[in-house]
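The lines below spell out each chain.
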Amino acid sequence: MNPITLFSLIAANPLSKRAIKKLLEKDGETTRLDKLLRAYAYGKDVDGEFKTLRRLIDAGLKAFGGKEEELKERLRDAYWRRGFASVLRGIADFGIRKPFVPGAPFLVVWDLTYACNLRCKHCYSTAGKPWKDELSTEEALKAVDVLADAGVTALAFSGGEPLIRKDFFEIASYAAKQGMFVSLATNGTMITRDVAEKMKECGVGFVQISLDGKKETHERFRGIRGIYDRVVEGIKNARDAGLITCISTTATRLNAHDIPEVMDLAEDLGVEWFMLYNFIPTGRGSFEIDLTPEEKEELLRELWKRLKTTGINFMSTAPYYARIALQEESEVVPTTSTIRGLKGG
């Protein structure tokens, strides 16, 4: 029998689905499934209730060409186990579908506030003042509970500028304690050394800081003079605090000429990530500042070249970045979930 067919049959078996759902029930602070996967990852004995799941794992490895030792190494990471559990929940709830439907989103991006200290020309949310019905601290903590109980793997706080909220650290810390990987998208102007250390202490693992060009370009693009040096200092502070640090740039006609030099700066500063955002004309952003397809292609090929030749994750939200990788005869198709260096507990 074809290995994929066998895997599908085992996954569709009511006994398999029932076993997965049983293991997903809470057992203390975590689930029985998490405990069993952790024991399996470290080569410890697992009891009989793992038998059905083991059959499914073995069939999946055979169907998709995986290696058991590599899977075990991955499952030693708490966030990877959480994502794996979401895959199993998806199999139990929805079966094998194309495209696959997990039990919960792997990533939720939460615009925590629409308050912002900048006036960016491309802002999709037209941020500035907070909305009158933004969640209170208590409501936000309840929302975190809902996401955690659903099995969300990673929670990214965005905005607006999330650091403007005085309760940001309380909310982020609570999310981290619920087992989700916590990240932050920020303009970087508020990241002093103390703030960076506090972010690290409260469980933020990844910080994405916007930088769209050299000083004049960036400040014109972001609408406020005098912020460039603060942003660069914020990047350094995040890096020095041990946070996985990403420089993000949105590609438009207003800043495309500076983007290679921002890539250079990412290499010079030694950040782990550079993310090139595909501009979406909404909010303050207009179609007039979008790049042509040829200009986007040129930037993405430069991005790909640097991904191959440096230790930095030079990535993009543009879906056709994967097509460029295939055209370059790559064995690996880059996606925004290809992550170097993310580690769970």
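Everything in this summary refers to the structure shown in the same document. Everything numeric here is computed off the predicted structure, so don't read it as measured data.

Some details on the layout of surface pockets
Space left empty within the atom packing is revealed by a probe, the size of a water molecule, rolled over the atoms.
Then step 1. Of the pockets and cavities examined, the second largest pocket occupies roughly 650 Å³.
Then step 2. Taken together, 22 residues form the lining of the second largest pocket, with Lys26, Glu29, Thr30, Arg82 and Gln178 sitting closest to its centre.
Then step 3. Taken together, the elements giving at least two residues each to the lining of the second largest pocket come down to β2 (30–31), α3 (32–41), α6 (78–94) and α7 (137–150).
Then step 4. Per element, the largest residue contribution to the lining of the second largest pocket is 7 residues, and it comes from α6.
Then step 5. Residue composition of the lining of the second largest pocket, grouped by class: 6 nonpolar, 7 polar and 9 charged.

Some points on the pattern of salt bridges
Then step 1. Applying the stated criterion to the full structure yields 22 salt bridges.
Then step 2. Glu219 is the partner of Lys215 in a salt bridge, and the nearest nitrogen-oxygen pair spans 2.9 Å. Of this pair, Lys215 and Glu219 both sit in helix α10 (residues 215–222), 4 residues apart, which is roughly one turn of the helix.
Then step 3. Between Lys296 and Asp290 there is a salt bridge whose closest N-O contact spans 3.4 Å.
Then step 4. Residue Lys296 is classed as buried on the basis of its relative accessible area, which comes to 17%.
Then step 5. Here Asp290 falls in the buried class, since its relative accessible area comes to 15%.

Concerning the side chain of Asp212
Then step 1. Checked against the element boundaries, Asp212 lands in the loop between β6 (204–210) and α10.
Then step 2. We classify Asp212 as buried; its relative accessible area is 0%.
Then step 3. Side-chain polar atoms of Asp212 contact the backbone nitrogen of Thr250, separated by 3.0 Å.
Then step 4. When sequence neighbours within four positions are dropped, the list of residues in contact with Asp212 reads Thr217, His218, Phe221, Arg222, Ser248, Thr249, Thr250, Asn255 and Val262.

Side note on the side chain of Arg82
Then step 1. Tracing the chain through its elements places Arg82 in helix α6.
Then step 2. Of the side chains with opposite charge, Asp149 lies nearest to the buried Arg82, which makes no salt bridge, at 6.9 Å.
Then step 3. Only 2.9 Å separates the side chain of Arg82 from the backbone oxygen of Ala148, close enough to count as a polar contact.
Then step 4. In this structure Arg82 touches Ala148, Gly151, Val152, Thr153, Gln178, Gly179 and Met180, once residues within four positions along its chain are discounted.

Conventions and cut-offs
- Residues numbered from 1 in each chain as written.
- Predicted model: local features only at pLDDT ≥ 70, side-chain atom pairs only at ≥ 80, totals over all residues.
- Heavy atoms only, no water.
- 1 Å grid on protein atoms, 1.4 Å probe; cavity = no way out; pocket = protein on both sides within 12 Å on 5 of 7 lines; lining within 4 Å.
- Points joined across faces, edges and corners; volume = space filled by probe spheres on them.
- Helix = DSSP H or I, 4+ residues; strand = E, 2+ residues; numbered from the N terminus.
- Nonpolar A, V, L, I, M, F, W, Y, C, P; charged D, E, K, R; others polar.
- Salt bridge = Lys/Arg side-chain N within 4 Å of Asp/Glu carboxyl O.
- Buried < 20%, exposed > 50% of the residue type's maximum accessible area, 1.4 Å probe, protein only.
- Polar contact = N/O pair within 3.5 Å; in protein donor to acceptor, adjacent residues only side chain to side chain.
- Contact = heavy atoms within 4.5 Å.
- Lys, Arg positive; Asp, Glu negative; His and termini not counted.

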